[in-house]
Amino acid sequence: MSNPLSNGLSISSEWLVWIRQALAIMRLETKKSFLGRRLVAVYFLALAPVVVLLIRVFAPLQPEQLGTPGEAGMVYAIVFQTFVLRFAVFFGCMSIFTNLFRREVMEKTLHFYLLAPVKREVLVVGKYFSGLLAALVFFVGSTIACFLLVYVPYGNGYMKEFFVEGVGMEHLLTYSSVTAMACVGYGAVFLLIGLYFRNPIFPAGALLGWETINFVLPSFLQKISIVHYLQSLCPVPLPPGPLAIISEPTSAWVSVPGFAGLTILIILASAIRVSRLEVTYSAD
Amino acid sequence: MKTDEDRIILDNVSKFYGEVLGVNRVCLSIPPGITSLVGPNGAGKTTLLNLICGLLRPTKGKVSVLGQTVENPDLLYRKLGYCSQFDAFPKGLTGLELIYGYLRVHGFRDRDAQQMAWSALEIVNLTDAANRKVHAYSKGMRQRIKLAQAISHRPQVLILDEPLNGLDPMARAEVIALFQRLAADGAHVLISSHILHEVDMISDRVILINNGYLVAEGNIRGVRNEMQEHPMQIMVRCDHPEAVAAKAFELNHAVEVKVHDDGRGLLIRTRHADQFYLMLNRIVLDCNLSIETVAPADDDVYSVYQYLIGTDGGRL
């Protein structure tokens, strides 16, 4: 029997094979990233703010109870930077990405991939992007829905003015991009944590603590966190609290490429870890 | 280390799980053909197979498969297929999706992957169940789908951990015929099995392992001949067994002779089987003996296993 790949009949270049392999892994993983009891918490985190805002849309509120659009924009900014970034995306990514490899070890199915002629880097990239796709659908989708729902009660006329002639569309794109970057960054970090720690709760707790106290840390320490760069990009800055230490926001020209570079480094570190993985879940 | 391109080579390989020994100082050079790995539970068979497949890394020593080291999975697994004992599959997949998905992960194009997946399913007689979820498969079907996965990319080396488990006699015969076909085509088929009579029937070579150590390796008859401390048993069915017995006792290498209860044969234990066969030839000519059967009685895997590992070696 001859193998059409090893005798070169179906292969045009190594890169094409790697891309095909990564896409094949994504196809197999995507279903797992969207379905399963384990994802109930992720659905809850993504949908909870949408449901709350839907209730606000349909509730018979008086104009004074509704507040001005400017006030609503500020409330959204607070909710986004505190609940969405620091809580929903954080725990959502933790649930999705720490399980990409851990789940396979627990279900004793990791050998399915480890027995295929696939570079460990390609395997990590395929799995990471499948998780990222799910995280983006959940949380960027939630961000877009929430942002639109915040302004729906002000009527079609205001919506048109705000999104077409005002800054609405720009804010929407910025919030969506920040959420996407949060998924990219937290996703990579949790992928690595899932590979190095049997129980990811403790390192995740430490990371959450660090991200939470970030605003009271000295300026140079604030820069060693994900949330600092994300908040720097948000279109509506939050008023600093009484304990906050003011630090210069990092420009998008630095934070975006820096974020991408750091993510690539973390994925490479994950690939090194995967290349040293052993299947020890059998009893001889 | 040998760099033989058509062999599986283990060069002084040891594997420890912390303080626990998996296998110790194993040296093997496995040529094409069917090789069986035999040993009691916990002997280190699966560890050895996982080391060859790269699922485990040796604590010491080196492993290479057809010249490829296990550090390069992207090259190794083009040549190697592994039917593991792990009875777990990615959730929610049908038999066809499992094999097709596996081939896509290999990098095959859609059309090739489809064609090869169906071909593998056909070989293991699972085409009717191709669109059923693997989790709904019976034990025997799961065994066959694992086999289909292992052979789907047409590897030159096939490693099979207890591949006959759970198969009915018919399926077992078909699978054995498949192994023989692959071996005849020049493939390496390395089988771990505890069904000794089938191992004996299909293997070109055996590897006996116990407590993590290599006990014996090679052609089973060759291994048996090396075991001088255990006299060979030869069964002779003939019309005058007492004449053969009398002559046999003249040989100083004959340890024991037992004439069969029906008086139509005997069992001799001798340290020099070749000399006994020469003597038997002479008796046939001198006494006009009518011989029905002459056969070694203990040069099969089972006997070698009993001699080298014994019942103390653990349950098979």
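Structure shown above.
Residues numbered from 1 in each chain as written. Chains lettered and ligands numbered in written order. Predicted model: local features only at pLDDT ≥ 70, side-chain atom pairs only at ≥ 80, totals over all residues. Heavy atoms only, no water.

S.K.: I keep staring at the overall build of chain B and nothing clicks. Help me out?
M.R.: Each helix and strand in chain B was counted, giving 11 helices and 14 strands. For chain B, the C-alpha atoms occupy an extent of roughly 75 × 45 × 35 Å along the three principal directions. Evaluated residue by residue, chain B yields a buried proportion of 56% over its 316 residues. Sequence separation of 24 or more characterises 67% of the internal contacts of chain B that already satisfy a separation of 6 or more. For chain B, the computed accessible surface area is about 13,600 Å², with 48% contributed by carbon and sulfur atoms. When the 34 basic and 37 acidic side-chain charges of chain B are each reduced to a single mean position, those positions are 7 Å apart. (Helix = DSSP H or I, 4+ residues; strand = E, 2+ residues; numbered from the N terminus. Buried < 20%, exposed > 50% of the residue type's maximum accessible area, 1.4 Å probe, protein only. Contact = heavy atoms within 4.5 Å. Areas by Shrake-Rupley, 256 points an atom, 1.4 Å probe, with all protein chains shown as cover. Lys, Arg positive; Asp, Glu negative; His and termini not counted. Charge placed at Lys NZ, Arg CZ, Asp CG, Glu CD.)

S.K.: Explanation requested: the overall build of chain A in the structure shown.
M.R.: Of regular secondary structure, chain A possesses 13 helices and 0 strands. The order of helices and strands in chain A, counted from the N terminus, is α-α-α-α-α-α-α-α-α-α-α-α-α. Structurally, chain A occupies a C-alpha span of about 75 × 45 × 35 Å along its principal axes. A buried classification covers 49% of the 284 residues belonging to chain A.

S.K.: Help me understand the interface of chain B and chain A in this model?
M.R.: By a widespread convention, an interface's size corresponds to the accessible area lost as its parts come together. The partner chain A presents 37 residues to the 45 residues of chain B that form the contact. At the boundary of chain B with chain A, total buried surface from both sides reaches about 3,700 Å², with 60% on carbon and sulfur atoms. Among the salt bridges present, the one from A:K119 reaches B:D74, with a minimum N-O distance of 3.2 Å. Our count for the contact surface shared by chain B and chain A stands at 10 residue pairs in polar contact (both at pLDDT 80 or more). Listing elements by their share of the side of chain B that touches chain A, those giving two or more residues are strand 1 (8-17), helix 1 (45-53), helix 2 (73-79), helix 3 (95-106), helix 4 (110-123) and helix 5 (139-151) of chain B. Considering each element in turn, the side of chain B that touches chain A owes the most residues, 6 residues, to helix 3 of chain B. Grouping the amino acids of the side of chain B that touches chain A by side-chain chemistry returns 21 nonpolar, 13 polar and 11 charged. (Buried area = accessible area lost by both parts, 1.4 Å probe. Salt bridge = Lys/Arg side-chain N within 4 Å of Asp/Glu carboxyl O. Polar contact = N/O pair within 3.5 Å; in protein donor to acceptor, adjacent residues only side chain to side chain. Nonpolar A, V, L, I, M, F, W, Y, C, P; charged D, E, K, R; others polar.)

S.K.: Looking at this structure, how should I read the nonpolar core?
M.R.: One recurring pattern in soluble globular proteins: nonpolar side chains tend to sit buried together. Membership of the largest hydrophobic core comes to 157 residues, with the highest contact counts inside it found for A:F101, A:Y186, A:F190 and B:F179. Setting aside residues no more than four positions away along its own chain, A:F190 makes contact with A:F90, A:C93, A:M94, A:F97, A:T98, A:A204 and A:L207. With 18 residues, the next largest nonpolar core counts B:A254, B:M279, B:I283 and B:L289 among its residues. (Core = buried A, V, L, I, M, F, W, Y, C linked by side-chain atoms within 4.5 Å.)

S.K.: Please explain the packing of aromatic side chains as it appears in this structure.
M.R.: Centre-to-centre distance and the angle between the planes together describe a pair of aromatic rings. Residues and elements named next belong to chain A. Per the counting criterion, the structure on display carries 30 aromatic pairs over all chains. Ring centres of F34 and F138 lie 5.6 Å apart, and the angle between their planes is 40°; on these two criteria the pair is classed as tilted. Here the residue F34 occupies a position in helix 1 (residues 14-34), and F138 occupies one in helix 7 (residues 120-151), the gap between them amounting to 104 residues. Taken as a pair, F34 and F138 share a single burial class, namely buried. Plain terms: the ring middles of Y76 and F80 are 6.0 Å apart, the flat faces sit at 25° to each other, and that makes the pair stacked. Here F80 and Y76 lie together in helix 4 (residues 69-97), a separation of 4 residues that amounts to about one turn. Residues Y76 and F80 agree in their burial class; the two are buried. By the ring-pair criterion, three or more aromatic residues cluster together here, those being Y76, F80, F147, Y151, Y154, Y158, F162, F163 and Y175. (Phe/Tyr/Trp six-rings, centres within 6.5 Å; stacked < 30°, edge-to-face > 60°.)

S.K.: Before we go on, may I ask you to explain the sheet that holds strand 4 (residues 60-65) of chain B in this structure?
M.R.: Adjacent strands of a sheet pair through backbone hydrogen bonds, lying either parallel or antiparallel. Residue and element names in this part refer to chain B. With antiparallel pairing, 4 strands are arranged side by side in an open sheet as 2-1-4-5. For this open sheet the edge positions go to strand 2 (20-30) and strand 5 (68-69), each flanked by a neighbour on one side alone. Bridge count for strand 1 against strand 4 is 5 bridges, and the pairing is antiparallel. Within strand 4, the residue paired with I9 across the bridge is S64. In the packing of helix 1 onto the sheet, the strands contacted are strand 1, strand 2 and strand 4, and the crossing angle to strand 1 comes to about 120°. (Pairing = 2+ DSSP bridges. Axes fitted to C-alpha atoms, helices over the stretch in contact; angles between N-to-C directions.)

S.K.: I tried to follow the packing of helix 2 (residues 40-58) of chain A against helix 4 of chain A on my own but got confused; where do I start?
M.R.: When two helices pack together, you describe them by how their axes are tilted relative to each other and by the distance separating the axes. All names here are of chain A. One way to put it is that helix 2 packs onto helix 4 with a least axis distance of 8 Å and a crossing angle of 160°. Classified by the interaxial angle, the pair formed by helix 2 and helix 4 is roughly antiparallel. Across the interface between the two elements, V42, L45, P49 and R56 of helix 2 pack against A72, F83, F87, A88, F91, G92, S95 and I96 of helix 4. Of the residues in the contact of helix 2 with helix 4, the class split is 9 nonpolar, 2 polar and 1 charged. (Parallel < 35°, antiparallel > 145°, perpendicular 65-115°, else oblique.)

S.K.: Explain the environment of B:R144 to me, please; I cannot follow it from the model alone.
M.R.: Residue and element names in this part refer to chain B. For R144, the position within the fold is in helix 5. Residue R144 is classed as buried on the basis of its relative accessible area, which comes to 18%. Spatially, the C-alpha atoms of R144 and P163 are 8.3 Å apart, while their sequence positions differ by 19 residues. Sequence-distant contacts of R144, that is, excluding residues within four places in its chain, are made with V124, N125, L126 and L167.

S.K.: Would you mind going over a nonpolar patch on the surface with me for this structure?
M.R.: On the surface, A:L35, A:Y43, A:L47, A:V51 and A:I55 cluster together to form a nonpolar patch covering roughly 470 Å² of accessible area. With respect to the element layout, A:V51 can be found in helix 2. (Patch = residues over 30% accessible without salt bridge, like charges linked within 9 Å, V, L, I, M, F, W, Y side chains within 5 Å.)

S.K.: What am I meant to see in the sheet that holds strand 7 (residues 157-161) of chain B here?
M.R.: Residue and element names in this part refer to chain B. The strand order across the open sheet formed by 6 strands is 6-7-8-3-9-10, and the pairing between neighbours is mixed. Of all strands in the sheet, those bounded by a partner on one side alone are strand 6 (80-83) and strand 10 (213-218). Here the average twist between neighbouring strands, direction ignored, is 15°. Examined bridge by bridge, strand 9 (residues 205-210) and strand 10 share 5 bridges and lie antiparallel to one another.

S.K.: What is the right way to read the pairing of strand 12 (residues 254-259) of chain B from this model?
M.R.: Each regular strand displays side chains that alternate between the two surfaces of the sheet. Residue and element names in this part refer to chain B. Pairing geometry for strand 12 and strand 13 (residues 265-270), over 5 bridges, is antiparallel. Its bridge partner being in strand 13, V259 is matched across the sheet by L266. Counted between consecutive antiparallel strands, the loop separating strand 12 from strand 13 contains 5 residues, among which G263 sits at a positive phi close to 70°.

S.K.: Can you help me understand the pattern of salt bridges in this one?
M.R.: As a working rule, side chains carrying opposite charge can pair if their charged atoms are close by. Counted according to the given criterion, the structure contains 14 salt bridges over all chains. Of the charged contacts, one joins A:E104 and A:K127 as a salt bridge, the two residues approaching to 2.8 Å between their closest N and O atoms. Residue A:E104 is found in helix 5 (residues 99-106), and its partner A:K127 is found in helix 7; the two are separated by 23 residues along the sequence. For the pair A:E104 and A:K127, one class covers both residues: buried. In this structure, B:K91 engages A:E107 in a salt bridge whose closest nitrogen and oxygen atoms are separated by 3.4 Å. Placement of the pair is B:K91 in the loop between strand 6 and helix 3 and A:E107 in the loop between helix 5 and helix 6 (111-114), with the two residues belonging to separate chains. Accessibility expressed as a relative area gives 55% for B:K91, which makes it exposed. Salt bridges sharing partners connect three or more residues here, namely A:E29, A:K32, A:R103, A:E104 and A:K127.

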